[in-house]
Amino acid sequence: MGIIRQGDVALVSVRAIPKEAIEQPQKGDKLILALGEATGHHHRFEFLAKDYNVKLYVAHGGARYLEVLAPADLLHEEHSTARVPAGKWLIPQQVEYTPKELVRVSD
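Criteria and thresholds
Residue numbers restart at each chain and count upward from 1, following the sequence in its written direction. Local features are withheld for residues below a pLDDT of 70 in this predicted model, meaning they are given only at 70 or higher, and side-chain atom pairs are given and counted only at 80 or more; totals for whole chains, interfaces and linings count all residues. Hydrogens and water molecules were not included; the side-chain quantities draw on all heavy atoms of the structure. Runs of E in the DSSP output that reach at least two residues are strands. Runs of H or I that reach at least four are helices, and both are numbered from the N terminus. What makes two residues a contact is simply this: any of their non-hydrogen atoms within 4.5 Å. Definition used in this section: a nonpolar core is a set of buried Ala, Val, Leu, Ile, Met, Phe, Trp, Tyr and Cys residues joined via side-chain atoms within 4.5 Å. When a residue's accessible area, from a 1.4 Å probe over protein chains only, is under 20% of the maximum for its type it is buried; when over 50% it is exposed; and in between it is partly exposed.

**What about the environment of Glu 20?**
Here's step 1: Tracing the sequence through the fold places Glu 20 in the loop between strand E2 (9-14) and strand E3 (22-23).
Here's step 2: Sequence spacing of Glu 20 and Tyr 57 is 37 residues, and the spatial spacing of their C-alpha atoms is 9.5 Å.
Here's step 3: Apart from residues lying up to four places away in sequence, Glu 20 is in contact with Val 58, Ala 59 and His 60.

**Topic: the nonpolar core**
Here's step 1: In terms of nonpolar packing, the biggest core is built from 17 residues, with Leu 11, Leu 33, Phe 45 and Leu 66 touching the most fellow members.
Here's step 2: Contributions of two or more residues to this core are made by E2, strand E4 (30-35), strand E6 (54-58), strand E7 (64-68), strand E8 (72-74), strand E9 (82-84) and strand E10 (87-91).
Here's step 3: With near-sequence residues (within four places) excluded, Leu 11 lies in contact with Gly 2, Ile 3, Ile 4, Leu 33, Leu 66, Leu 74, Val 84, Trp 89, Leu 90 and Ile 91.
Here's step 4: Listed in part, the 5 residues of the second largest apolar core include Ile 17, Ala 21, Ala 59 and Tyr 65.

Following this line, the structure appears as structure tokens:
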């Protein structure tokens, strides 16, 4: 399984997490990957009994990676739950292209 997508969030399977990536401390019972702009909903993993089976790493340049130690559910209020298998995953930065202006090119 190479790519998992849930709305604006994508996970891409990778062989390894860069060695310079730094594990981020876990706070509370959720790991939030992306916040909703308008609704306040968020793409997240939820943890029971502090089992933290998903770890977040940040590498040089801000690239984010997940290490999923056991299959975990990626949750969101408006999307189907995505079951993420154990493995290492890149979280690509989603961007939106907005042109400053459109210029017609003549022949």
